[in-house]
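Listed below, chain by chain, are the residues.
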Amino acid sequence: MKPTNFEFARATSLGEAATILRQAAGSARVVAGGQSLGPMLNLRLVQPSILVDITAIPELTRIEEDAGGVVVGACVTTSDIEDGRVRVEELPILATVAGGVAHRAVRNRGTIGGSICHADPAGDWLPTLCALAAECIVTDGRQARRIPIDQFVTGAFEVMLEPGELLQAIRIPRPSRTARCGYYKVCRKAGEFALASGAVLLDCERDRFRAVIGATEGRPVVVDDARTILGGMPQPGAAVRLDQSAANELLQRAGLTAPARLHITALARAAAQAMAT
Amino acid sequence: MARQGVGASVLRKEDDRFLRGRGQYVADFRFPGAREVAFVRSSVAHGRIRNVHVPDAHKGAVFTAHDLSNVKPIRAATALSGFKHSSEPILACDKVRYVGELVAICVAASRAQAEDIADSVTVDYEELEPVVDMLAARRPHAPLVHEEWGDNLFIEFFQDGAIDRVAETAAIKVTREIRTARHCMFPLEGRGVLAHWDARLGFLTLISATQMPHIVQRGVAECLGLNDGSIRVISPDVGGGFGYKGLLCREEVALAWLAMRVGTAVRWLEDCREHLSANANCREHHYRITAYADRDGRLLALDCVATVDAGAYSVYPTSSALEAAQVASLLPGPYDFSLYRCRSAAVATNKCPILPYRGVARSGVCLAIEVIMDAIARQAGIEPYEVRLRNLVRPEQMPFENVAKKQFDGGDYPQSLRRAVAAIGLPAIRERQRKGEPDGRLLGVGFSIFCEQGAMGTAVLAGWGRPVVPGYEQAAVRLTADGDLEIRVGTHSHGQGHETTLAQVAHEILGVDLDRIKVLQGDTLYSPFSTGTWGSRSMVMAGGAVAQASRMLAKRASRIGAWLLQTEPADVRIANGSVVGRGASVTLREVARAWYLQPQNLPPDVDEGGLEVTAGYRPARDMGTFSYATHAALVAIDPGTGLIEILDYVVVEDGGKLVNPMIVDGQVQGGTAQGIGTCLLEAVSFDAQGQPLASTMLDYLIPGATEVPDIRVLHMETPSPHTEFGMKGIGEGGAVGPPAAIVCAVNDALRAVGAEVHDLPLTPERILDAIAAGATARETRRP
């Protein structure tokens, strides 16, 4: 369990990182916290020619809040979020989800951007940020483009990054004050990857009800209009009315081969959290 | 001075270095110029090796079976009639029989480079159909692991009671099918070996993480054709064994050979992937068990067909027969009934060889019999604990010989169960179940009760015809010139705290302060020969030997002390590290000073052996000590996720006279944590091609702090009539009880939904399947 030989570069600017990535033409890997990449290197599942460490790039650890939402730099760690460095009144869900990611040691190094780019279906950030309709800000060192996160992730462990591009930040829109979120995951033991997860955003003021089923075998299943499977726009405090067969059908269509019951439970419980007053 | 002797919960001496990070494990040893080893391991479960191709660039850094042609394979034969022998080559030569089997040794300056070389070696296999499932292995025309056998059966054991008549007339007949999963032992420290040639001493020195240095010495000598005296095995601090390090490893032989071949120190450290993918080597059993009982739940007869998946080879020195033999002889447990029939088979499959894991075979048999006791209880309509009470051996029957001829040395089993029932609070739980949980979870309570036969000696093991049979255990005890005490034993602590507990035994007799007692172990150079630490034997055996040697030393010291006190030996005694006479005393330090430095002060008839004694010991009866325990578990099942939470866990343990109750609590808690892993989490499944499906800790889960509840340990103390101080072996029991107690608790909870589970581990999927099946059954029953 030792990696193959690789070069190592610590970029200090987005431009420099992008240049190295471009020159390596696909055989480079970006490393931030290394919490997934480290083991993958040791298991020789990835054998890059060069690792580009992006944690010294100042922009990537920035957190900027404005009226429309918050922009979280790709190298902001999960512990940062857990500890309230990203403090958006309408989004207490971020700290809650952060506190449930793996173990504190992993959260101390693992970054939100790394988690998104790794795109492990069983990760926590992907379904959560899909429910919040976050956007990925992707740069090639010169120009940035914004991609809705559910499009940015194209499959299990697959994201829409061209050679020479890297994820710069995640923009999370600010929901209304009365909005509620829920996130529920089923794990066999504390800190392990989820067997199933569900994330729900209920923003009655803006008439938004969005649901996500995670820990599938591919990208998260995003239901932009959750009224279709959760029995219409609920009143806060109402009981969850999950249409199990509709949810099941969605999961089958998304290619889930395992029984869907855990996913359905996770979604129902996430919805219950969002609907609780 | 606070009490330090037998029975005192003193802090562990060794923890001073462990807690400061100053332990020395194999990986901590540094040798200049040492080279690192990575192995090429078989990627197929069953196949013939056509060719091993080594790129030219790496010739000289790769060694195959061809190079090791003078090395003998490992053979762990037993003299049991009908046992089929397997011969395990150090490196596979013609055939590979499981994924992970060693094929080639690659050596380089660093482990990463050695792995690069291993990656560059290509092995051309002619793949054969593997036999993966132990039940399928016994079907006609199954592929053969060892062609020359004609079948896949290592050996079969029979207990042939005439149960047929009772079977026809019994009011209650219940049958269950139970399967336990193959899993890994996962000590914190994996295996590791460092080998080098010590030219000064003329030793091949192996520094190896092993529980039994002398057995490794013996085995390596055998394989390499060396004298035992030219091999020194050092086992330094060992980070957990559990049986995983209780054998002669192929890697040890390979590294020993390599060190002599290349002339430099060589090192191999097992990594997590090797552990998971090549060493899922324990616990895989299958039972079809039937019990016959009367209307009141009294067990009349037990009938069982058991199968143990023993893997591809017989392991030295325990052999592949051990587990199946244990199954047949241990299944009846502490229950008093008279008709027993059992057939247990050790079956060869294309998986790694089975090893005796903490509580060998016991966690499986305990699960089987406790599930069947619960089944009787359901049928009889009485509380499961009540059925057990009606069938347990009673204290007035002691000493008791059970239906499998196990000789129980004492204890009050019903009392242990009653205390567990009281401690878990059964009536309150039943009330809570009637009301239902506010969160909708299903509540269940379960009990298991079992005995733990520890320190099995010659009388038991000679009959099994193993290559190594334990006999007298020796200890060497020496008063040094400054009056300190030095103890040397051949057993080896891999977490048990022997540096403390053996010192406590010596303190009990000699009164030397614990700080001035040093226990030396883990080195064949200075320790007496021993079969090592396994089978809950060290405290009874090595502790007994230390007591014996300490008493002899006390006698010699008394004679010198009496002379110094100008009195008769009969008039002195040893107390608090001194020889005490009438009104005067002399310290052992002064006694030592006389022997070593001022011999003119010695009595003329002084024992010439001086202040150094090696004594051998075995209990008056070495059929094994019988510790026992009741485990009680309270669980809550989430019917939406199938997840199980252990809300409360009680262990009522009788381990005889406890040398250090705090350490025993640790043993019980650690074992219970492992048992929880066996029950809820741990499994390596194999696909149809024999590929292990867990190769990282992403796929293989072990219990952590959040999965292990506070385990409440209550003690009873029934001394053994046969051992020093009445000590009993206590190392394994913790791991035995949890699968049975938790499965019984889960089934108690699932009763509400008409479901039952019997296969380990209890994954969420299995629980949800059972609940769904229960629902379907209710549907079909509805008119």
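Quick look at the structure, then. For every chain, the first residue of the written sequence is number 1, and numbering continues from 1 onward in sequence order. A letter from A marks each chain and a number from 1 marks each ligand, given out in the order of writing. This being a predicted model, a pLDDT of at least 70 is required before a residue's local features are given, and a value of 80 or more before pairs of side-chain atoms are given or counted; all residues contribute to the totals for chains, interfaces and linings. Calculated side-chain values reflect all of the structure's heavy atoms, with hydrogen atoms and water omitted.

**Quick notes on the interface of chain B and chain A**
Thought 1: In what follows, a contact means two residues having at least one pair of non-hydrogen atoms within 4.5 Å. On the side of chain A, 19 residues touch chain B, which itself brings 29 residues to the contact.
Thought 2: Note on definitions: buried area is the accessible-area loss of two parts on being combined, 1.4 Å probe, summed for both. Here chain B packs against chain A, burying approximately 2,000 Å² in sum over the two surfaces, 54% of which is carbon and sulfur.
Thought 3: Here a salt bridge means any side-chain nitrogen of Lys or Arg lying within 4 Å of a carboxyl oxygen belonging to Asp or Glu. The tally of links between chain B and chain A comes to five salt bridges.
Thought 4: The term polar contact refers here to a pair of N or O atoms within 3.5 Å; inside protein, the definition further demands a hydrogen-donor-capable atom paired with an acceptor-capable atom, and it admits residues adjacent in sequence only when both atoms are side-chain atoms. Here chain B and chain A share 14 residue pairs in polar contact (both at pLDDT 80 or more) between them.
Thought 5: Secondary structure follows DSSP: runs of H or I at least 4 residues long count as helices, runs of E at least 2 residues long count as strands, and numbering of each begins at the N terminus. Contributions of two or more residues to the side of chain B that touches chain A are made by helix H2 (111-120), helix H6 (272-278), helix H16 (661-681) and helix H18 (764-781) of chain B.
Thought 6: At five residues, H2(B) tops the list of elements feeding residues into the side of chain B that touches chain A.
Thought 7: Here the nonpolar group is Ala, Val, Leu, Ile, Met, Phe, Trp, Tyr, Cys and Pro; Asp, Glu, Lys and Arg are the charged ones; every other residue, Gly included, is treated as polar. For the side of chain B that touches chain A, the per-class residue count stands at 13 nonpolar, six polar and ten charged.

**Digging into the sheet that holds strand S25 (residues 612-617) of chain B**
All names here are of chain B.
Thought 1: The criterion for strand pairing is that DSSP finds at least two bridges linking the strands in question. One open sheet holds the four strands; their spatial order is S21-S20-S19-S25, and the pairing between them is mixed. The sheet terminates laterally at strand S21 (517-520) and S25, the two strands that pair on one side only. Averaged over all neighbouring strand pairs, the angle between strand axes comes to 20°, with direction disregarded.
Thought 2: As judged from the six bridges shared by strand S19 (residues 473-479) and S25, these two strands associate in the antiparallel manner. Counted as the bridge partner of Gln474 is Gly616 from S25.
Thought 3: Here an angle of 0 to 180 degrees is reported between the N-to-C directions of two axes, which are lines fitted to C-alpha atoms, with helices fitted over the stretch in contact. Helix H14 (residues 538-564) contacts S19, strand S20 (485-489) and S25 of the sheet and is inclined by roughly 140° relative to S25.

**Quick look at the pattern of salt bridges**
Thought 1: Under the counting rule described, the total for this entry stands at 83 salt bridges over all chains.
Thought 2: Lys185(A) is the salt-bridge partner of Asp124(A), the closest N and O atoms lying 3.0 Å from each other. Of the two residues, Asp124(A) sits in the loop between helix H6 (112-118) and helix H7 (125-131) while Lys185(A) sits in strand S11 (residues 180-186), which places them 61 residues apart along the sequence.
Thought 3: A simple rule labels every residue: compare its accessible area, found with a 1.4 Å probe on the protein chains alone, to the largest value its type can have, and call it buried under 20%, exposed over 50%, or partly exposed in between. You can call Asp124(A) buried: its relative accessible area is 7%.
Thought 4: The closest approach of N and O atoms between Arg218(B) and Asp228(B), which form a salt bridge, is 2.9 Å.

**A short note on the nonpolar core**
All names here are of chain B.
Thought 1: We define the nonpolar core as a collection of buried residues of types Ala, Val, Leu, Ile, Met, Phe, Trp, Tyr and Cys that are connected through side-chain atoms lying within 4.5 Å of one another. Grouped together as the largest cluster of nonpolar side chains are 168 residues, with contacts concentrated most on Ile105, Leu331, Tyr413, Ile742, Val746, Leu750 and Leu762.
Thought 2: Top contributing element to this core by residue count: helix H8 (residues 362-380), with eleven residues.
Thought 3: Those residues in contact with Ile105 that sit more than four places away from it in its chain are Val37, Ala38, Phe39, Ala61, Val62, Phe63, Leu68, Leu91, Ala254, Trp257 and Leu258.

**Structural notes on helix H15 (residues 588-596) of chain B**
Residue and element names in this part refer to chain B.
Thought 1: Every buried residue of H15 is listed here: Leu588, Val591, Ala592 and Ala594. Take H15 and look down its axis: the buried residues cluster within an arc of 160°, on one side only.
Thought 2: Against the buried residues of H15 lie S19, helix H13 (498-510), H14, strand S22 (573-575), strand S23 (578-580) and strand S24 (585-587). Directions are taken from the helix axis to each C-beta atom, and the arc is the one they span.

**What to know about the side chain of Ser208(B)**
Thought 1: Looking at where Ser208(B) falls in the secondary structure, it is placed in strand S10 (residues 203-208).
Thought 2: For Ser208(B), the residues in contact, after removing those within four places along its chain, are Val26(B), Gly192(B), Val193(B), Ile234(B), Ser235(B), Pro236(B) and Glu252(B).

**Focus: the packing of aromatic side chains**
All names here are of chain B.
Thought 1: A pair of aromatic rings is counted whenever rings of Phe, Tyr or Trp (Trp by its six-membered ring) have centres within 6.5 Å, and the orientation is called stacked for planes under 30 degrees apart, edge-to-face for over 60 and tilted otherwise. Under the criterion given, the structure shown has twelve aromatic pairs over all chains.
Thought 2: An angle of 25° between the planes, with centres 6.5 Å apart, marks the rings of Phe18 and Tyr25 as stacked.
Thought 3: We classify Phe18 as partly exposed; its relative accessible area is 26%.
Thought 4: Note on Phe400 and Phe408: the rings are 5.7 Å apart at their centroids and 70° apart in plane angle, and the pair reads as edge-to-face.
Thought 5: A relative accessible area of 9% means that Phe400 is categorised as buried.

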